[in-house]
Amino acid sequence: MGSVTNGNAVTETDVVVVGAGFSGLYVVHSLAKLGFNVRAFEKAPDVGGTWYWNRYPGARCDSESLTYCYTFDEQLFKDWVWSERYPSGPEVLKYLRHVADRFNLRRYFQFETAIQSAVYDEAVRRWTITASTGEVLSARFFVTAVGNLSVPATPTVPGIDTFQGQWLHTGRWPLEPIDFTGKRVAVIGTGSSGVQVIQEIAKTADHLTVFQRTPTFTIPLRNLPLDPDVQRLWKSNYRELTKKSRYSDGGLPFFVSEKPLKGVSAEEQKEGLERAWGIGGFRFLFGTFCDIGSDHEANKVAADFVRGKIADIVKDPATRETLTPTAYPLGAKRIPLDTAYFQVYNQDNVSLVNLQVDPISKMTPKGLVAGTTEHEFDLVIFATGFEAITGPLLQMDIVGRGGQKLNDTWADGPYAYMGVGVPGFPNLLTLGGPGGVGVISNVPPTAEQAVEFAAECIAYLRDHQIDEIEATTEATDLWNEHVRAMAQKTMYPYAPSSWYNGSNLGKKPRPFPAYTGGFGKYRRICDAVAAEGYTSFKTHRQGDKEVTGEDNYKAHDPEWYIRVASVPSNAELASWEGRSAMWT
Ligand code: NA7
């Protein structure tokens, strides 16, 4: 449907969505099913979100395959066959393409198109959205499904343009494969991407030099071909496991220990940690002892255990010392999972540079200078991470009420009421946004919850003739306070540099941007807000002269959040399961 405004053709639609990753695909599917006109935009030539771009060798998800997929459609879950315990990047991409085909979702998307600006028109309570093609849209709702790790951060290194070799970022890897054989390669960065790519490049490069800023803890991945019996068993327990993961702390249906490490003997501590080390994955953090993430003494025992493993592997004492993290607790920074990360430093073709001693000052035609040494390379790889959380949102010029820019609103750090609504930006829904659980919980179930909350909210507003919804400053302030108080009980504030708080970009750390009370509890809070008819938001009913929602909301205090965040009863879980039928 089109109309003409001010001489320019303006396409009218109910909702504009940005992004074709896990959230984007599902929100488009959900809104279309609910009868809305949806237009969706994606910069990449196809679906996949961050998995479209992160094609570096060794790229792999560190959530297990059977948990790294949608659960909204039982048949989809049962039909798709995963090949390994953890999915490789290409396998995740193949899965998302299958989802797009299966539900015929590409028809809603315009690919290779960025949203350049979104300006809220208060007079008509709609967003005016401009795409890079020049198309202008008018939409009641603007839904961002842009992911938290999608805009790569490449440091500004003087002289980068003079380098005569090739340089790449792991988050924007070219489509054609790169052969490292016979090459002198640099990798800068030792986060999850760095650890994965280092392990691969070390296999074939003539020489690999790793430039490390902060030493990292890693936990073994223990990847394997996925046992068909395990996959069958899992699928036959689809309902039970899905329910568990939807109410779990991290979006994973695994056993979570309730036993404190400090409550058992040193032998039992060692035995529990050793067993989990053998199983691999994040169960090391959740399935061993419940106080590793909250008690500094317990954390130190687990961290010492990991440091002991590094000492067992790395032979050269100086390299071992540089690689061993000592300045922050285990889990304060996102822990990479590895296959043979520390082992590569025993190879003759791998060397390590400690950037805390020898910082990079410039790139030259031949390579780069760290400290007083010029290192020569054919290929320099930046595994330096992302402009996390805010990057993709601030790339769009989002302007709310009274000309207020999101860029300015978030100058001291990003925030959103329950991760989804920013005061001053009505009818903008930020899926997986700051203040939600997006950055610390398993992505697909988290994305499903965010989508279901947003889609149900938009449908509720339509059914109640409400044309505007906005997070209030009061409720948002209280929510932020609650989020910050919860984060103080964790190890996250003790990270020296972290993409969670933006300090990875050399900026002043911002408040921790996620709700750490657990995904299940967060879901309960969102459900309660929905059940109350979104009264903690301001709303405006069509035809009313003014925003009557002003006195319509009640700002929830932390006590309210804590109360509704109690563990659900089985009866409640069963009724939730019934409700989820609308999504299948
Ligand atoms: P991360 O986890 O942000 O890691 C980036 C790495 O690059 C990390 O080791 C950084 O050191 C290092 N880095 C960043 N900027 C620089 C500069 N300017 N100079 C030297 N080194 C630098 O990104 P990843 O892509 O590995 O992983 C992101 C997430 O994807 C991961 O957490 C999973 O959730 C999936 P630092 O530690 O900050 O000192």
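Residues numbered from 1 in each chain as written. Predicted model: local features only at pLDDT ≥ 70, side-chain atom pairs only at ≥ 80, totals over all residues. Heavy atoms only, no water.

### A few points about the site of the ligand
Alright, step 1. If you check the shell around the ligand, you find 20 residues, and the closest are S193, R213, T214, K333 and S497.
Alright, step 2. Note that an oxygen atom of the ligand is positioned 2.8 Å from one of the side-chain N or O atoms of R213.
Alright, step 3. S497 has a polar side-chain atom sitting 2.5 Å from an oxygen atom of the ligand.
Alright, step 4. With the chains in place, 86% of the 770 Å² that the ligand exposes on its own is no longer accessible. (Near = heavy atom within 4 Å. Polar contact = N/O pair within 3.5 Å; in protein donor to acceptor, adjacent residues only side chain to side chain. Areas by Shrake-Rupley, 256 points an atom, 1.4 Å probe, with all protein chains shown as cover.)

### So, the sheet that holds strand β14 (residues 360–363)
Alright, step 1. The antiparallel open sheet is built from 3 strands, whose spatial order is β14-β15-β16. The outermost strands of the open sheet, each flanked by one partner alone, are β14 and β16 (373–376). Within this sheet the neighbouring strands show an average axis-to-axis angle of 25°, counted without direction.
Alright, step 2. In this sheet, β16 lies alongside strand β15 (residues 367–370) in antiparallel orientation, the contact comprising 4 bridges. Considered in β16, the bridge of V369 is made with E374. (Pairing = 2+ DSSP bridges. Helix = DSSP H or I, 4+ residues; strand = E, 2+ residues; numbered from the N terminus. Axes fitted to C-alpha atoms, helices over the stretch in contact; angles between N-to-C directions.)

### Concerning the nonpolar core
Soluble globular proteins tend to bury their nonpolar side chains together.
Alright, step 1. Counting residues in hydrophobic clusters, the biggest one holds 84 residues, and the most contacted among them are V17, Y70 and Y95.
Alright, step 2. Each of domain 1 (2–151 + 388–580) and domain 2 (219–335) gives at least three residues to this core.
Alright, step 3. In contact with V17, other than residues within four places in its own chain, are G24, V27, V28, L31, V38, R39, A40, F41, V143 and A145.
Alright, step 4. Counting residues in hydrophobic clusters, the runner-up holds 27 residues, among them V185, V197, V350 and L379. (Core = buried A, V, L, I, M, F, W, Y, C linked by side-chain atoms within 4.5 Å. Buried < 20%, exposed > 50% of the residue type's maximum accessible area, 1.4 Å probe, protein only. Domains from an automatic or database assignment. Contact = heavy atoms within 4.5 Å.)

### Quick look at the sheet that holds strand β10 (residues 207–212)
Alright, step 1. In space, the 5 strands of this open sheet follow the order β8-β17-β9-β10-β13, with parallel pairing throughout. Of all the strands in the sheet, the pair left with one neighbour each is β8 (166–169) and β13 (350–354). Looking at each pair of strands side by side, their axes are set apart by 20° on average, direction ignored.
Alright, step 2. Direction of pairing for β10 relative to β13: parallel, over a ladder of 5 bridges. The residue of β13 that forms the bridge with F211 is V353.
Alright, step 3. Running at roughly 165° to strand β9 (residues 184–188), helix α5 (residues 192–204) makes contact with β9, β10, β13 and β17 (379–382) of the sheet.

### Digging into unusual backbone geometry
Alright, step 1. Its identity is not glycine, yet R125 carries a phi of approximately 55°, on the positive side.
Alright, step 2. Mapped onto the elements, R125 comes out in the loop between β5 (115–121) and β6 (126–131).
Alright, step 3. With a relative accessible area of 13%, R125 lands in the buried category.
Alright, step 4. We note that Q465 has phi near 50°; this positive angle belongs to a residue other than glycine.
Alright, step 5. Along the chain, Q465 falls in the loop between α14 (443–463) and β20 (466–471).

### Brief notes about the packing of helix α1 (residues 22–33) against α14
Alright, step 1. The geometry of α1 relative to α14 is characterised by a closest axis approach of 9 Å and an angle of 35° between their N-to-C directions. Judged by the sense of rotation from one axis to the other, the crossing of α1 with α14 is right-handed. On α14, the residues that touch F22, S23, Y26, V27, S30 and L31 of α1 are V443, P444, A447, E448, V451, E452, A455 and I458.
Alright, step 2. Grouping the amino acids of the contact of α1 with α14 by side-chain chemistry returns 10 nonpolar, 2 polar and 2 charged. (Left-handed = near helix turned anticlockwise from the far one by under 90°. Nonpolar A, V, L, I, M, F, W, Y, C, P; charged D, E, K, R; others polar.)

### What about the packing of aromatic side chains?
The description of an aromatic ring pair rests on the distance of the ring centres and on the angle between the ring planes.
Alright, step 1. Enumeration over the complete set of coordinates arrives at 37 aromatic pairs.
Alright, step 2. For the ring pair Y492 and Y500, a centre distance of 5.3 Å and an interplane angle of 75° mean the geometry is edge-to-face. Here the two residues Y492 and Y500 agree in accessibility, since each one is buried.
Alright, step 3. Connected via pairs of aromatic rings, a cluster forms that spans F22, Y26, W51, Y68, Y70, F72, W80, W82, Y95 and F103.
Alright, step 4. In this structure, R55 packs its charged tip against the face of Y52, placed 4.5 Å from the ring centre.
Alright, step 5. Positioned over the ring face of F36 is R462, at 4.2 Å from the centre of the ring. (Phe/Tyr/Trp six-rings, centres within 6.5 Å; stacked < 30°, edge-to-face > 60°. Lys NZ or Arg CZ within 6 Å of the ring centre and 35° of its normal.)

### Looking at the domain arrangement of the chain
Alright, step 1. The domain architecture assigned to the chain consists of domain 1 (2–151 + 388–580) and domain 2 (219–335).
Alright, step 2. One C-alpha centre belongs to domain 1, the other to domain 2, and the line joining them spans 29 Å.
Alright, step 3. On the side of domain 2, 41 residues touch domain 1, which itself brings 46 residues to the contact.
Alright, step 4. The three residues of domain 1 that bury the most area against domain 2 are L66, R85 and M491, which together make up 20% of that side's buried surface.
Alright, step 5. Our count for the contact surface shared by domain 1 and domain 2 stands at 3 salt bridges.
Alright, step 6. With its nearest N and O atoms 3.0 Å apart, the salt bridge here joins E74 to R239.
Alright, step 7. Where domain 1 meets domain 2, there are 24 residue pairs in polar contact (both at pLDDT 80 or more).
Alright, step 8. Elements with a minimum of two residues in the side of domain 1 that touches domain 2: α3 (74–79), α14, α16 (519–531) and α18 (570–579). (Buried area = accessible area lost by both parts, 1.4 Å probe. Salt bridge = Lys/Arg side-chain N within 4 Å of Asp/Glu carboxyl O.)

### Some thoughts on the pattern of salt bridges
Alright, step 1. If you walk through the whole model with that rule in mind, you get 31 salt bridges.
Alright, step 2. E122 is the partner of R401 in a salt bridge, and the nearest nitrogen-oxygen pair spans 3.3 Å. One end of the pair, R401, is in the loop between β18 (397–399) and α13 (406–409); the other, E122, is in the loop between β5 and β6, and 279 residues separate them in sequence.
Alright, step 3. Relative accessible area serves as the criterion here: at 22%, R401 is assigned to the partly exposed category.

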